[in-house]
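# Structure at a glance
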Amino acid sequence: VFIAEKQEALVKESWEVLKQNIPENSLRFFTLVLEIAPAVKNMFSFLKDSDEIPQNNPKLKAHAVKVFKMTCESAIQLRQKGEVVVSDTTLKYLGSVHVEKGVIDPHFQVVKEALMRTVKEAVGDQKWSDEMGSAWGEAYDQLAAAIKTEMKQQL
Ligand code: HEM
Ligand code: ISQ
């Protein structure tokens, strides 16, 4: 699946905005995941022993940023070659982490929804467009598909 040059630019542009406030946007992303699917709470090590979402957890921030960055990279790849390629080691590692934590297919839709809403809120309604949304959505879907395939091979 190829995306247009314009769409790649929109993803990069919105990531630049998001990057300005990593602490707030990563927290927002994670909060939305839990809002949509409260049951996934216990999967996350940084939440296990508390009821509240830690406001400044380095692991939470780092992981959230990684999800955004990988989705951006996927958008670039979809524009360049029409497919998402994740390095073998990264894919194996992410596959095993998510299998171990008990992540299943429907969870990917939850994270997608949370990611898209975080981007939309960060850039604001004026800047957000269907074109921007579909670019993020396509990049995420293709990345998620690669991880899901790897997870199935590890089961
Ligand atoms: C951990 C990325 C989807 C739940 C991680 C890590 C990354 C990541 C980079 C950190 C690994 C590490 O360094 O230890 C992604 C990407 C996704 C995705 C790119 C989709 C495209 C999901 C989904 C769930 C999920 C759908 C289910 C709710 C988790 C959990 C951890 C994790 C529970 C372990 C966190 C911890 O306790 O340290 N993910 N993830 N992820 N992810 Fe995801
Ligand atoms: C890990 N995997 C998917 C989504 C995430 C969001 C916030 C923190 C960690 C994550």
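With 15 residues, helix H2 (residues 22–36) should reach 21 Å at 1.5 Å per residue; the first-to-last C-alpha distance of 21 Å fits that figure. Of all the positions in H2, only Asn25, Ser26, Leu27, Phe29, Phe30, Leu32, Val33 and Leu34 are classed as buried. The secondary structure elements touched by the buried residues of H2 are helix H1 (5–19), helix H3 (58–81) and helix H5 (105–123).

Looking now at the coordination of the iron atom of ligand 1. In this structure, the iron atom of ligand 1 receives exactly one donor atom from the protein: His98 (NE2), at 2.0 Å. Geometry at the iron atom of ligand 1 is octahedral, judged from the 6 donor atoms that bind it and their angles of 88 to 178 degrees at the metal. Relative to the elements of secondary structure, His98 occurs in helix H4 (residues 88–101).

Counting 48 residues, the largest nonpolar core has Phe68 and Trp136 as its most contacted members. Of all the secondary structure elements, the ones that give two or more residues to this core are H1, H2, H3, H4, H5 and helix H6 (130–154). Once you skip the residues sitting within four places of it in the chain, Trp136 turns out to touch Val11, Ser14, Trp15, Phe68, Thr71, Cys72, Leu115, Met116 and Val119.

Close to ligand 2 lie Phe29, Phe30, Phe44, Leu60, His63, Ala64 and Val67. A total of 270 Å² of accessible area belongs to ligand 2 in isolation, and the protein chains cover 88% of it. Among the cavities detected, the one that contains ligand 2 is the largest pocket. At the level of secondary structure, the elements contributing two or more residues to the shell around ligand 2 comprise H2 and H3. The element best represented in the shell around ligand 2 is H3, accounting for 4 residues.

Reading the values: the criteria
- Residues numbered from 1 in each chain as written.
- Chains lettered and ligands numbered in written order.
- Predicted model: local features only at pLDDT ≥ 70, side-chain atom pairs only at ≥ 80, totals over all residues.
- Heavy atoms only, no water.
- Helix = DSSP H or I, 4+ residues; strand = E, 2+ residues; numbered from the N terminus.
- Expected span 1.5 Å × (residues − 1).
- Buried < 20%, exposed > 50% of the residue type's maximum accessible area, 1.4 Å probe, protein only.
- Contact = heavy atoms within 4.5 Å.
- Donors = N, O, S within 2.8 Å, 3.2 Å for Na, K, Ca; no water.
- Tetrahedral: all angles 85-135°; square planar, octahedral: opposite > 155°, others 65-115°.
- Core = buried A, V, L, I, M, F, W, Y, C linked by side-chain atoms within 4.5 Å.
- Near = heavy atom within 4 Å.
- Areas by Shrake-Rupley, 256 points an atom, 1.4 Å probe, with all protein chains shown as cover.
- 1 Å grid on protein atoms, 1.4 Å probe; cavity = no way out; pocket = protein on both sides within 12 Å on 5 of 7 lines; lining within 4 Å.
- Sits in = over half its atoms within 2 Å of the grid points.

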